[in-house]
Amino acid sequence: MSSSTELTEKKVFLLKSLDGVIFEVEESVAVQLEVIRELIEGDCARPFISLYNVTSEILALVIEYCKHHAETCSGGTSATIADEDLKTFDNEFMNVDENILLELCSAADYLDIKSLFELTCRTLASLIKDRTIIEVRKMFNVENDFSVVEEKAVRKEFAWAFK
Amino acid sequence: MRLNELPTDLLVDVLSRLPEKSLCRFTCVSKEWQSLISSPHPGFVKALRRQRLHRKSYLYIWNISLFDGNVESDVEDCSLRISIVDTTKISICNLSTQEKAILPDPDHLGHVEEGWENEYGVRNFQSNQSSQIQIRFVEID
C-alpha cells in the first residue's frame, strides 16, 4: 500500500450482529450510530464492534438507512433537494410491517440514532392514533382493569376526545 | 417483537407523539395507560421536552395545587403564556385578560428548563374540588 493511496482510503468498521453476521461500513455511516461515534471520539473504537441487541435483518435495514442519509447529506445537492429526497426515502423506508417497525424503533434507541428513532416513533404513533380503545387494547395486549363505573367516569372526563 | 413487548420507556416515547385527542382517548385503555399519560410520568414529561423542537402542538397535563385556590374557571380555550421563573416557580399569564398567577411547588418542575417561556392555547383548564388543577396545553405556532 503506498502512502498516497492511504490518504484517500476510507476507514471502515466491521459491525457484528446478534446472530453473528458481519457488516462492513464506512466511517461516515458508522458515526451516525451515536454509540459508535462516542467510541470513535473517545478513541476506543476497535475496527470490529459487536452489537448484541440487533439481528442481522434489522442491522441491514439500519445500515441502509444510515448509508442513504450519509450519502444524501454529503452529496453536492442543495439542502432543499436533499431534504425532499430524505423525506421520500424515509416514507418508503417506513413501509414495513409492524414487527419490523418495532424492531427498528428498539434498535434506533439502542444504537442511539436520533433521526431513525424519531421516524419510527412517529410512524408507530400514526399507526395507532385513529384506533379505537378496544383495538388498542388488543394491539398492545392490555387488559381493561377499569370497573364499568371507573371507565364511564374516565370516558366522561374526556368526552370531547371521543367525538 | 410485538407491540405488547414494547418496553415502557419506548411506549412513552410513542405515546408522547400522539395528537392530544388520541392521547386523551387512550387514558381509557387501562389504569397503567391512564397513569402513564396523565400523572405525568417523569419519562413522559422528558419525552415531551425532548421533542418540543420537532412538533407544533402537544399535550401537557399537570396536576398542581393552585395558589390561593383561585383561577377563573372560564379560561377555557384562551391563550396563556407559561414562564418558568426559576426552579421553584411557574408563572401563567392569561393573554386576553393579562391576569397573572404563580403556580406553587409543582412536583414536576425539575424536568422543565429554567427561563423557558412559551405561549399556548389552553383547553380544558379546569380545577376540581381538591384544588388540583389540570392543564392541557396546545402550543401555538
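Residues numbered from 1 in each chain as written. Chains lettered and ligands numbered in written order. Predicted model: local features only at pLDDT ≥ 70, side-chain atom pairs only at ≥ 80, totals over all residues. Heavy atoms only, no water.

## Here's the deal with the sheet that holds strand β3 (residues 48-50) of chain A
Residue and element names in this part refer to chain A.
- Spatial strand order, β2-β1-β3: three strands in an open sheet with mixed pairing. A single partner strand is all that each edge strand has here, and the edge strands are β2 (22-26) and β3. Pairwise comparison of adjacent strand axes, ignoring direction, gives a mean angle of 30° for this sheet.
- The strands touched by helix α4 (residues 56-74) are β1 (12-16) and β2; relative to β2, the strand with the most contacts, the crossing angle is about 10°. (Pairing = 2+ DSSP bridges. Helix = DSSP H or I, 4+ residues; strand = E, 2+ residues; numbered from the N terminus. Axes fitted to C-alpha atoms, helices over the stretch in contact; angles between N-to-C directions. Contact = heavy atoms within 4.5 Å.)

## Overview of unusual backbone geometry
Residues and elements named next belong to chain A.
- A positive phi is found at Asp-112, a non-glycine position, where the angle reads about 60°.
- Mapped onto the elements of the fold, Asp-112 is located in the loop between α6 (98-111) and α7 (114-128).
- For Asp-112, a relative accessible area of 27% puts it in the partly exposed group.
- In this model, Asn-141 sits at a positive phi of 55°, which is unusual for a non-glycine residue.
- With respect to the helices and strands, Asn-141 occurs in the loop between α8 (133-140) and α9 (148-157). (Buried < 20%, exposed > 50% of the residue type's maximum accessible area, 1.4 Å probe, protein only.)

## Some remarks on the packing of α4 of chain A against helix α5 (residues 79-93) of chain A
Residue and element names in this part refer to chain A.
- One way to put it is that α4 packs onto α5 with a least axis distance of 10 Å and a crossing angle of 170°. It follows that α4 is roughly antiparallel to α5 by the angle criterion. Side by side, α4 and α5 meet where Leu-61, Glu-64, Tyr-65, His-68, His-69, Thr-72 and Cys-73 of the first sit next to Ala-82, Asp-85, Leu-86, Phe-89, Asp-90 and Phe-93 of the second.
- Among the residues making up the contact of α4 with α5, the classes are represented as seven nonpolar, three polar and three charged. (Parallel < 35°, antiparallel > 145°, perpendicular 65-115°, else oblique. Nonpolar A, V, L, I, M, F, W, Y, C, P; charged D, E, K, R; others polar.)

## Some points on the confidence of the model for chain A
All names here are of chain A.
- Confidence in the prediction of chain A, expressed as mean pLDDT, is 86, and 93% of residues score 70 or more.
- Within chain A, no element has a lower average pLDDT than helix α1 (residues 3-8), which sits at 48, and none a higher one than β2, at 93.
- Taken as a whole, residues 1-6 scores under 50 in pLDDT and shows two contacts with residues more than four places along the chain or in a different chain. (pLDDT = per-residue confidence, 0-100.)

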